[in-house]
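Structural features, examined
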Amino acid sequence: MAVMVGGILTVLYGYLYILLQLTDYALLMGSLGLFVLLALVMFLTRRVDWYAMRATDSVLDAASTSEGVAS
């Protein structure tokens, strides 16, 4: 886990260093970096069912309030 965090930070700092060095292409590199980051987030969360998590939270909230009333 620590190696993965270290690797991510190394890539991030390297990207930021290169971005600061390339003043003529900073806008292009920044846009490409954000595009890659967004694509990565979309790829990693493609199977997450956001509506199921909301329904589960509603069920848990209803169960906790009914327990409070019954006591």
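It should be emphasised that the depicted structure is a prediction, and the values quoted were computed from it without experimental measurement.

1. Focus: the overall build of the chain
- Of regular secondary structure, the chain possesses 3 helices and 0 strands.
- Ordered by position from the N terminus, the helices and strands of the chain form the series α-α-α.
- Looking at the chain residue by residue over its 71 residues, the buried ones come to 3%.
- Here the chain has roughly 6,600 Å² of accessible surface; of this, 74% comes from carbon and sulfur atoms.

2. As for the packing of aromatic side chains
- This model, assessed by the stated rule, comprises 0 aromatic pairs.
- Over the face of the ring belonging to Phe-43 we find Arg-46, whose NZ or CZ atom lies 4.1 Å from the ring centre.

3. So, the confidence of the model for the chain
- This prediction gives the chain a mean pLDDT of 85; 79% of its residues lie at or above 70.
- Within the chain, the element-level pLDDT minimum falls on helix α3 (residues 50-70), averaging 69, and the maximum on helix α2 (residues 26-44), averaging 94.

About the criteria used
Residues numbered from 1 in each chain as written. Predicted model: local features only at pLDDT ≥ 70, side-chain atom pairs only at ≥ 80, totals over all residues. Heavy atoms only, no water. Helix = DSSP H or I, 4+ residues; strand = E, 2+ residues; numbered from the N terminus. Buried < 20%, exposed > 50% of the residue type's maximum accessible area, 1.4 Å probe, protein only. Areas by Shrake-Rupley, 256 points an atom, 1.4 Å probe, with all protein chains shown as cover. Phe/Tyr/Trp six-rings, centres within 6.5 Å; stacked < 30°, edge-to-face > 60°. Lys NZ or Arg CZ within 6 Å of the ring centre and 35° of its normal. pLDDT = per-residue confidence, 0-100.

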